[in-house]
Amino acid sequence: MMMVNLMFVISVLVTLFSMSNAAFTYDVSKATGLGKPLDGVGGLSGGGCVTRLLPDYDSKWYSQIMDYLFLPGFGASLHILKVEIGGDAQSTDGTEPSHMHTADDENYQRGYEWSTMVEAKRRNPNITLYALSWGFPGWVGEGKKSPWTNSTVRYTMNWLLGAKKYYNLDIDYVGIWNERNWNKGYTLALKAAIVTAGFKTKIVGHDSGWDVCKTLASDSEWAAAVDVVGSHYVGSSIASDCAALNKLQWSSEDMSLDYDTGSLCWARALNQNYVRANLTATIAWDLINSFYDGLPWSGVGILRANEPWSGHYQIGRLLWVSAHWGQFTKAGWSFLKHGSGVGLLDNGGSYVSLTDPTGQQLTIIIETMDRDRSQCAHSSTVHYTTTNQTATFQLDNSFHHVTQLNVFFTDLNIMDVNQAFTYKGIISLNDGKFTLQLPVGVLYTISTINGTKGTYEAPSSQPFPLPYADNFDKHQLSSEASYFSDQTGSWEIVDTASARGKTMRQMVPEATISWCDEAIYPYSIIGNSSWKQPLNVSVDVMIEKSGTAFVALGVSRGGCGTGSPGIVFSINTINNGSWQITDSTKITNPVASERISIVAGTWYTLTLVVLQDHSVVYINGNAVGRCELSASSHSGWAAIGSSWDYVQFDNFRLQLPN
């Protein structure tokens with residue numbers, strides 16, 4: 001017999017009356033040694049621009065969101081934060097700014113990954129930091145359009161040095177190039193530079209597939225430079241030649257599902273990635289859904305926070321699945337051995353047991369996900385069937401000191417997040433054992449450690465505010481303007497040292513070494529992807545030397561690709577100048593145009609008024625053209641854009657037409 005509190009008895013009895021199942025017993029022991037050390041559960045801020053709207057939140061709501069992700073014993077309590085090394089390149093949902101737009105430029109105030117790491121580290125000083133590039137500024141290719149150059153070694157090392165110098169951040173791991181080919185010479189050179197700098201940063205190779213193991217197995221010199229083998233969307237499996245390398249092996253990008261419904265995938269993967277493949281870290285893409293709805297992979301993240309104007313954010317069940325691990329384990333704890341606390345359940349599902357370095361603490365995590373309902377994106381696990389079952393866990397004398405265990409429970413068949421991660425009381429062990437009824441789709445954490453379901457009350461959701469205006473003077477230098485999300489290129493606040501004050505400037509003078517297809521003309525979006533209504537947008541623009549500048553409405557596409565449909569009003573300095581209206585940010589096949597004088601270094605006010613049945617465009621308040629493109633034919637964000645040139649923008653205004 002086991003003794004439990006009343007709440008837990010009621011829960012078990014209700015389950016017992018509703019199911020018929022088989023019974024199995026599983027041993028929990030450290031008498032014959034331990035399994036591999038846990039490296040942790042993590043989230044990925046990057047790949048790309050997924051955290052873009054987070055820094056625009058008021059500090060109160062920003063702090064709450066960070067607590068949910070990183071504060072030990074409150075929410076997810078993540079062990080690992082992986083970030084993108086911004087490269088000015090489109091990397092899924094936008095571009096993250098580089099610390100070196102050009103070879104002679106260095107700026108470590110750009111972007112939001114610095115503050116994300118600082119705030120994570122402030123909440124959990126022991127969090128592991130891991131960085132990886134998705135793309136690179138064009139200059140590092142030294143004219144070859146390839147990053148395997150000495151310039152790229154200098155570029156990456158400068159980022160690591162900047163993290164330490166300006167933020168006192170020690171980066172624990174660095175990758176090579178996300179999901180793209182990698183290079184032995186570059187890996188060896190980077191390793192040597194890290195050692196020379198006196199850093200302890202370890203190299204992950206190579207954030208793609210398990211094929212890396214075959215490469216390293218045949219090249220001992222290359223293998224010696226790599227500390228961790230990282231693969232993506234592994235389906236809880238690993239190539240047979242990886243184990244022989246005797247290196248850490250991680251699922252360095254996984255999940256990629258909705259912040260709530262992705263919880264089933266996450267519950268299964270966290271357990272089975274170790275049970276089936278001995279993977280000691282699993283990292284979710286992405287850390288946070290803090291990018292506009294309408295961009296690729298909308299809704300994906302450990303939590304959702306994409307309304308900085310209202311402060312609204314949403315916690316789903318996926319965060320509380322993370323808490324089942326994060327609050328009851330730490331990096332450096334050890335798994336027990338397979339068959340002695342780690343394994344597959346006989347009727348489907350899995351269990352893992354971990355203990356702290358002293359051997360006094362014990363955490364057991366049990367999941368019974370249905371295989372077909374718990375697949376993660378881009379992957380597929382082996383086939384198995386899960387049915388209702390009864391499981392008894394027998395602790396041996398190596399855990400004789402454990403007499404009581406705390407119980408946290410999530411039934412992932414229930415969509416209500418308020419029912420997730422519920423405390424079920426204390427199990428008092430009898431002869432070192434306890435028994436659970438395990439229906440399909442549940443997650444238990446049984447631990448000597450107690451947890452907490454931290455709670456804050458988020459503000460209610462509100463639509464994007466109209467009218468909206470920004471003259472950019474309130475923003476910090478080198479930052480991105482509130483609510484703008486760069487889709488190609490990189491815009492940042494600069495000081496003109498004139499009466500005009502601060503402006504927003506497109507900073508990337510050439511196409512990047514990109515991770516995916518990029519827009520022909522860089523552009524940055526703002527607002528709502530579902531806007532299908534008359535709108536008026538205007539902005540002051542100044543082309544510094546030569547090129548194109550534009551303002552747009554009805555922009556319906558972001559992410560990878562060569563551009564977006566939209567109603568686009570542009571000016572350029574080509575052959576003394578002209579204006580055009582086009583139906584795409586590619587700025588081809590104008591539906592209306594006229595040659596006029598556009599002088600570099602001169603400010604012009606561009607206004608685009610989109611009505612229900614036509615559009616009108618203005619330069620400096622004077623109507624210059626119209627077309628039949630309209631609110632009836634196009635829907636989407638507002639945007640500004642330019643050629644790959646230095647172009648400044650000021651006095652952005654977005655409103656309903658008069």
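Counting restarts for each chain, with residues numbered from 1 along the sequence as it is written. Side-chain atom pairs in this predicted model are given and counted only at pLDDT of 80 or more, local residue features only at pLDDT of at least 70, and totals for whole chains, interfaces and linings cover all residues. Heavy atoms from the whole structure form the basis of all side-chain values; hydrogens and water molecules are not counted.

As named in an unreviewed UniProt entry, the protein chain is galactosylceramidase, taken from Adineta vaga. UniProt positions are given in the numbering used here, feature names are shortened, and annotations may be inferred rather than shown by experiment. Its UniProt record gives the protein chain the following Sequence similarities (unreviewed entry) comment, quoted word for word: "Belongs to the glycosyl hydrolase 59 family."

**A closer look at the overall build of the protein chain**
When you go through the protein chain residue by residue, the secondary structure sums to nine helices and 37 strands. In terms of its C-alpha atoms, the protein chain occupies a principal-axis envelope of roughly 90 × 55 × 40 Å. Residue burial in the protein chain is summarised as follows: out of 658 residues, 63% are buried. For this analysis, residues touch if any pair of their heavy atoms sits within 4.5 Å. For the protein chain, the proportion of contacts with a sequence separation of at least 24, taken over those separated by at least 6, is 73%. As displayed, the protein chain offers around 23100 Å² of accessible surface, 50% of which is attributable to carbon and sulfur atoms. For helices the rule is a DSSP run of H or I covering at least 4 residues; for strands it is a run of E covering at least 2, with both sets numbered from the N terminus onward. The buried label applies to any residue whose accessible area, calculated with a 1.4 Å probe on protein chains only, is under 20% of its type's maximum; exposed applies above 50%, and partly exposed to all values in between. Surface accessibility in these figures is a Shrake-Rupley result with a 1.4 Å probe; residues are shielded only by whichever protein chains are displayed.

**Overview of the pattern of salt bridges**
A pair is scored as a salt bridge if a Lys or Arg side-chain nitrogen falls within 4 Å of a carboxyl oxygen belonging to Asp or Glu. What the rule picks out here adds up to 19 salt bridges. A salt bridge links Glu492 to Arg110; the nearest nitrogen and oxygen atoms lie 2.8 Å apart. With Glu492 in strand β25 (residues 491-495) and Arg110 in the loop between β5 (80-85) and α3 (113-123), this residue pair connects regions lying 382 residues apart in the sequence. Just as Glu492 is buried, Arg110 falls in that class too. Two residues, Arg122 and Glu119, come together in a salt bridge whose shortest N-O distance is 2.9 Å. Of this pair, Arg122 and Glu119 both sit in helix α3, three residues apart, which is roughly one turn of that helix. For Glu119, a relative accessible area of 18% corresponds to the buried category. The network of salt bridges with common partners includes Asp67, Glu119, Arg122 and Arg123.

**Quick notes on the state of the cysteines**
Note on disulfides: each one is a pair of cysteine sulfur atoms within 2.5 Å. A complete count under the given rule lists three disulfides for this structure. With its sulfur 1.9 Å from that of its partner, Cys265 forms a disulfide with Cys376. The chirality of the disulfide connecting Cys265 with Cys376 is right-handed, given an S-S dihedral of about 95 degrees. You can see Cys265 sitting in helix α8 (residues 263-275) and its partner Cys376 sitting in the loop between β17 (362-367) and β18 (389-395), a full 111 residues away along the chain. Here Cys265 matches Cys376 in class, with each residue buried. Put simply, Cys516 and Cys560 are joined by a disulfide, and their sulfur atoms are 2.1 Å apart. In this structure the cystine formed by Cys516 and Cys560 twists about its S-S bond by roughly -85 degrees; its chirality is therefore left-handed. Here Cys516 is found in the loop between β26 (502-506) and β27 (523-526), whereas its partner Cys560 is found in the loop between β29 (548-555) and β30 (565-572), with 44 residues between them in sequence. Assessed through its relative accessible area of 14%, Cys516 is described here as buried. By sequence order of its bonded cysteines, the protein chain has the disulfide arrangement 1-2, 3-4, 5-6. The thiol of Cys49 is unpaired, and the distance to the nearest cysteine sulfur, on Cys560, comes to 12 Å. By relative accessible area, which is 0% here, Cys49 ends up buried.

**Observations concerning the confidence of the model for the protein chain**
When pLDDT is low, close inspection of the predicted coordinates is not appropriate. Looking at the protein chain, pLDDT values average 95 and 97% of them are 70 or higher. Confidence scores labelled pLDDT are given residue by residue by the predictor and lie between 0 and 100. Per-element confidence in the protein chain is highest for β17, whose mean pLDDT is 99, and lowest for strand β1 (residues 3-4), whose mean pLDDT is 39. Confidence drops under pLDDT 50 across residues 1-19; counting only partners more than four residues distant or on other chains, this segment forms 34 contacts.

**Let's talk about the packing of α3 against helix α4 (residues 150-167)**
Helix axes are fitted only over the stretch in contact, all axes being lines through C-alpha atoms; the angle between N-to-C directions runs from 0 to 180 degrees. Contact geometry of α3 with α4 gives a least axis separation of 12 Å together with a crossing angle of 55 degrees. Compared by their axis directions, α3 and α4 come out oblique. For the pair α3 and α4, the crossing hand works out as right-handed. Facing α3, whose interface residues are Trp114, Met117 and Val118, α4 presents Trp159, Ala163 and Tyr167. Residues are grouped as follows: nonpolar covers Ala, Val, Leu, Ile, Met, Phe, Trp, Tyr, Cys and Pro; charged covers Asp, Glu, Lys and Arg; every other residue, Gly included, is treated as polar. A per-class count over the contact of α3 with α4 returns six nonpolar, no polar and no charged. With respect to orientation, any angle under 35 degrees is reported as roughly parallel, any angle over 145 as roughly antiparallel, any angle of 65 to 115 as roughly perpendicular, and every other angle as oblique. By definition, any crossing whose near helix is turned counterclockwise from its far helix by less than a right angle is left-handed, and any crossing with a clockwise turn is right-handed.

**Overview of the environment of Asn306**
Take Asn306: it is sitting in strand β12 (residues 304-307). Residues Asn306 and Thr422 lie 116 residues apart in sequence; the distance between their C-alpha atoms is 27 Å. Not counting the four nearest positions on each side in its chain, Asn306 is found in contact with Leu53, Tyr57, Asn289, Ser290, Phe291, Tyr292, Asp293 and His312. Only 3.1 Å separates the side chain of Asn306 from the side chain of Asp293, close enough to count as a polar contact. Here a polar contact is taken to be a pair of N or O atoms separated by no more than 3.5 Å, where protein atoms must pair a possible hydrogen donor with a possible acceptor and residues adjacent in sequence count only if both atoms sit in side chains.

**Concerning the UniProt feature "domain: Glycosyl hydrolase family 59 central" (unreviewed entry) in the protein chain**
What UniProt calls "domain: Glycosyl hydrolase family 59 central" (unreviewed entry) maps, in this numbering, to residues 340-451. Counted over residues 340-451, helix gives 0% and strand 43%. Its end C-alpha atoms are 25 Å apart.

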